[in-house]
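Structural overview for review
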Amino acid sequence: MYTAEKRFARLKVYLMCLTMVAASLLLEGCFAQANSPNIDSAYAFSVLKKQCDFGPRPMGVAAHTATRDYLYSELGKYASAVELQNFSRKVGSRNYALSNIVAHFGASKSPGILLCAHWDTRPIADQELESADKKKAISGANDGASGVAVLVALAKVFHDNAPQVPVSIALFDGEDFGPTGDDMYIGSTYFAKHMNRRAYKYGILLDMVGDSKLEIYREGNSEDSAKQVTDNIWQTAAKLGFGSTFRDSVKYTISDDHLPLIEAGLPCADVIDFDYAYWHTLKDTVDKCSPESLRIVGKTIAEVVYSERTTSQTH
Ligand SMILES: [Zn+2]
């Protein structure tokens, strides 16, 4: 039997298919340049806020331990393996317990990409004007929590869509203890000393990437030591339409967790917005940060990661 009704049903199916093809072509047209899945910016922001809810998180306080346990458990949800690199450091007369949190994703074939951020916060607000305020510990919403938040959100992305190259996320402890450089970058220095250099092609450090008025300039040490990496990041950001956030010129030269890695022979780029009025003050709080800033940085790094192919496939 071949009725008019059936013909109409066929026509409807045909039109539906046509619409789907047109829609997918349109989507492909819009996102032809993106290779990476989207980042859940609401989740990223919740990870930023959760860290701040613990309170200031410098070495030696209870909030430090609680934050470490939270991040270890959160990364454990997504990683194929997560480890705590525990060690200690004597500062003055006190011995402090520190932990780097290191999570691994994707294929095991080396070399992969190292993504990192520091999870501790500054124990003193040394950029405050009043001497009483200077002695207080900062919340570290941007300086600490923001880089970690992007990386934990990326961990979820890597879990749901395995990248072609192995990726490790290292959350460093003891970056901001201080007050001087003698007692800073403690976790990254420890990590660099113990890492298998051949496991990584390069590293990307995220620090202070949550400012709601985000402007990230190229950083001098990264330009000198990891030019290919910075070019890749800034070109990728421009391709994604983030050129007004990732400004294509050098503005600052900064001592940060990338230096111990560079010294150990690993090119590492520091992605940092140093134009932050609340840096090392008590006003570095959640309300100064935005989910959109975390999304822009997360999407750019995801695009860099998912554009990487294993060496054997590029031959
Ligand atoms: Zn700091």
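In the block above lies the structure referred to throughout.
A brief report on the enclosed structure follows.

The rules behind the values
- Residues numbered from 1 in each chain as written.
- Predicted model: local features only at pLDDT ≥ 70, side-chain atom pairs only at ≥ 80, totals over all residues.
- Helix = DSSP H or I, 4+ residues; strand = E, 2+ residues; numbered from the N terminus.
- Buried ≥ 20, exposed ≤ 12 C-beta atoms within 10 Å, placed from the backbone.
- Contact = placed C-beta atoms within 7 Å.
- Expected span 1.5 Å × (residues − 1).
- Pairing = 2+ DSSP bridges.
- Axes fitted to C-alpha atoms, helices over the stretch in contact; angles between N-to-C directions.
- Core = buried A, V, L, I, M, F, W, Y, C linked by C-beta atoms within 7 Å.
- Arc of directions from axis to C-beta.
- Parallel < 35°, antiparallel > 145°, perpendicular 65-115°, else oblique.
- Left-handed = near helix turned anticlockwise from the far one by under 90°.

1. Some thoughts on the overall build of the protein
- Along the backbone of the protein there are eleven helices and eight strands.
- With 315 residues in all, the protein has 45% of them scored as buried.
- Considering only contacts in the protein between residues 6 or more positions apart, those separated by 24 or more positions represent 81%.

2. Focus on helix α2 (residues 41-53)
- The first and last C-alpha atoms of α2 sit 18 Å apart over 13 residues, in line with the 18 Å expected at 1.5 Å per residue.
- Packed against the buried residues of α2 are α3 (62-76), α5 (141-160) and α10 (291-306).
- At the exit of α2 stands G55, carrying a positive phi of roughly 100°.

3. Side note on the pairing of strand β2 (residues 94-105)
- Direction of pairing for strand β1 (residues 81-91) relative to β2: antiparallel, over a ladder of eleven bridges. Looking across to β2, one finds that L84 is bridged to I101.
- Where β2 and strand β4 (residues 167-172) come together, five bridges link them in antiparallel fashion. Looking across to β4, one finds that V102 is bridged to A170.

4. As for the sheet that holds β2
- Here we have six strands laid out as an open sheet, ordered β1-β2-β4-β3-β5-β8, and mixed in their pairing. At either end of the open sheet lies a strand with only one pairing partner, and these are β1 and β8 (268-272). Neighbour-to-neighbour, the strand axes of the sheet open up by a mean angle of 20°, direction not taken into account.
- As defined by bridge partners, strand β5 (residues 200-207) adjoins β8 across five bridges and the pair is classed as parallel. By the bridge assignment, D207 is partnered in β8 with I272.
- Running over the sheet, helix α8 (residues 227-239) touches β5 and β8 and is turned about 40° from β8.

5. Here we look at the nonpolar core
- Formed by 79 residues in total, the largest nonpolar core has its most connected members in A149, L151 and L154.
- Sort the elements by how many residues they give to this core and α5 lands first, with twelve residues.
- Apart from residues no more than four positions distant in its own chain, L151 is found in contact with L115, A117, I169, L171 and L206.

6. Notes on α8
- Spanning 13 residues, α8 covers 18 Å between terminal C-alpha atoms, matching the ideal 18 Å at 1.5 Å per step.
- For α8, the complete set of buried residues consists of V229, T230, I233, W234, T236 and A237. The buried residues of α8 occupy one face: seen down the axis, they fall within an arc of 160°.
- On its buried face, α8 sits against β5, β6 (216-219), α7 (220-225), β7 (246-252), β8 and α10.

7. Section: the environment of I124
- In this structure, I124 sits in the loop between β3 (112-118) and α4 (131-134).
- Along the primary structure I124 and K134 are separated by ten residues, whereas in three dimensions their C-alpha atoms are 5.9 Å apart.
- Dropping the residues within four chain positions of it, I124 is found in contact with K134, K135, A137 and P179.

8. A closer look at the packing of α5 against α10
- Contact pair α5 / α10: the axes reach a minimum separation of 10 Å and the direction vectors enclose 50°. Judged by the angle between their axes, α5 and α10 are oblique. For α5 against α10, the interelement crossing comes out right-handed. The segment α5 lies against α10, with S146, A149, V150, A153, L154 and V157 engaging L294, V297, G298, I301 and A302.

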